[in-house]
Amino acid sequence: DLYPGQAQVLSDYTASGKRNLLLLAGRRGGKSLLSDVTACYDAAVEDYSVYLRPGESRYILIVSVRDENAKLHIRNIAKLLQHGRRTRALIEQIKEDQIILKNDVIILSLPASARAARGYTASTLILDEAAFFMDTFGNSSAEAIFTALSPTVATFGDKSRIVITTSVAAKVGLVYDLYSRAT
């Protein structure tokens, strides 16, 4: 069950008609849960068949700071899908880093890397804790990852979705730039 504030965020997001979401909240604010619920909705409810060739899979990509965080998303999404009778019936296979559904949807989790998700056709791209994406030298890599991965949703046009969730880190970088544009 969602807390009332979480339910309100999802309700407002859905009612807005906007496909992209920048969600800033503190630790334990429910950002990961909300992105996981969004992934479930996109996988089970949304219909993108008009954009795909017969038998072509579509992806929902979840990019996280570390591999462990990415795999935690898969475990949580699996639990959410298994909880409902209809969504449970969609599950074909659950792996450590992905959930394969019978409707040709693959929910795939990846660690933060500009190279990791290239080549996928994704209807939804979720960047979890984007303000904390770092390269091997400790520099922010959020902008590079966003630039590299946002084209993965281009196939789906106005139906595509990019969700960025993060705690606030600093008044610089991709997240701050997006926040400044939104406000």
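Since we're looking at a predicted model, the values are computed, not measured. (Residues numbered from 1 in each chain as written. Predicted model: local features only at pLDDT ≥ 70, side-chain atom pairs only at ≥ 80, totals over all residues. Heavy atoms only, no water.)

### Let's talk about the packing of helix H1 (residues 4-16) against helix H2 (residues 31-44)
- With their axes 10 Å apart at the nearest point, H1 and H2 run at an angle of 45° to one another. The orientation of H1 relative to H2 falls into the category oblique. The hand of the H1/H2 crossing is right-handed. Contacts from Gln6, Val9, Leu10 and Tyr13 in H1 reach Leu33, Leu34, Val37 and Thr38 in H2.
- Tallied by class, the residues present in the contact of H1 with H2 amount to six nonpolar, two polar and no charged. (Axes fitted to C-alpha atoms, helices over the stretch in contact; angles between N-to-C directions. Helix = DSSP H or I, 4+ residues; strand = E, 2+ residues; numbered from the N terminus. Parallel < 35°, antiparallel > 145°, perpendicular 65-115°, else oblique. Left-handed = near helix turned anticlockwise from the far one by under 90°. Contact = heavy atoms within 4.5 Å. Nonpolar A, V, L, I, M, F, W, Y, C, P; charged D, E, K, R; others polar.)

### Quick look at H2
- Given a rise of 1.5 Å per residue, 14 residues ought to cover 20 Å, and the 20 Å separating the end C-alpha atoms of H2 matches this to within 8%.
- Residues of H2 that are buried: Lys31, Leu34, Ser35, Asp36, Thr38, Ala39, Cys40, Asp42 and Ala43. (Expected span 1.5 Å × (residues − 1). Buried < 20%, exposed > 50% of the residue type's maximum accessible area, 1.4 Å probe, protein only.)

### Structural notes on helix H3 (residues 67-83)
- The terminal C-alpha atoms of H3, which comprises 17 residues, lie 25 Å apart, in line with the 24 Å expected from a rise of 1.5 Å per residue.
- Taken residue by residue, H3 has Ala70, Lys71, His73, Ile74, Ile77, Ala78 and Leu81 as its buried positions. All buried residues of H3 project into a common sector of 145° when viewed along the axis, lining one side. Turned more than 90 degrees away from the buried face of H3 sit Lys79 and His83, all of them exposed. (Arc of directions from axis to C-beta.)

### With respect to the nonpolar core
- Among the nonpolar cores identified, the biggest contains 24 residues, and Leu61, Val63, Leu125, Leu127, Phe133, Ile145 and Ile164 are the most heavily contacted of them.
- For this core, the secondary structure elements donating two or more residues are strand S2 (58-64), strand S5 (105-111), strand S6 (122-128), helix H5 (142-149), strand S7 (161-166) and helix H6 (173-182).
- Residue contributions to this core peak at four residues, all from H5.
- Excluding anything up to four places from it in sequence, Leu125 contacts Leu61, Val63, Leu149, Ser150, Val153, Arg161, Ile162 and Val163. (Core = buried A, V, L, I, M, F, W, Y, C linked by side-chain atoms within 4.5 Å.)

### A few points about the packing of H2 against H3
- One can describe the packing of H2 onto H3 by two numbers: an axis separation of 10 Å at closest approach and a directional angle of 55°. In terms of their interaxial angle, H2 and H3 are classed as oblique. Note on packing geometry: the crossing formed by H2 with H3 is right-handed. For the pair formed by H2 and H3, the contact residues are Ser32, Leu33, Ser35, Asp36, Val37, Ala39 and Cys40 on the first element and His73, Asn76, Ile77, Leu80 and Leu81 on the second.

### Let's talk about a nonpolar patch on the surface
- The grouping of Leu2, Leu33 and Leu80 at the surface amounts to a nonpolar patch, some 190 Å² of accessible area in total.
- Looking at the element boundaries, Leu33 is found in helix H2. (Patch = residues over 30% accessible without salt bridge, like charges linked within 9 Å, V, L, I, M, F, W, Y side chains within 5 Å. Areas by Shrake-Rupley, 256 points an atom, 1.4 Å probe, with all protein chains shown as cover. Salt bridge = Lys/Arg side-chain N within 4 Å of Asp/Glu carboxyl O.)

### Considering the side chain of Glu129
- Positionally, Glu129 belongs in the loop between S6 and H5.
- When residues no more than four places from it in sequence are discounted, the contact partners of Glu129 are Lys31, Val65, Thr165, Thr166 and Ser167.

### Re the environment of Gly55
- Turning to its location among the elements, Gly55 is positioned in the loop between H2 and S2.
- The class for Gly55 is exposed, based on a relative accessible area of 61%.
- Once the C-alpha coordinates of Gly55 and Leu81 are considered, the two residues, 26 residues apart in sequence, prove to be 22 Å apart.

### Some points on unusual backbone geometry
- With phi around 65°, Asp104 is a residue other than glycine that occupies positive phi space.
- Positionally, Asp104 belongs in the loop between strand S4 (98-101) and S5.
- Among the residues examined, Asp104 registers a relative accessible area of 35% and is labelled partly exposed.
- Non-glycine residue Glu129 carries a positive phi angle of around 60°.
- In this structure Glu129 comes out as buried when scored by relative accessible area, which is 18%.

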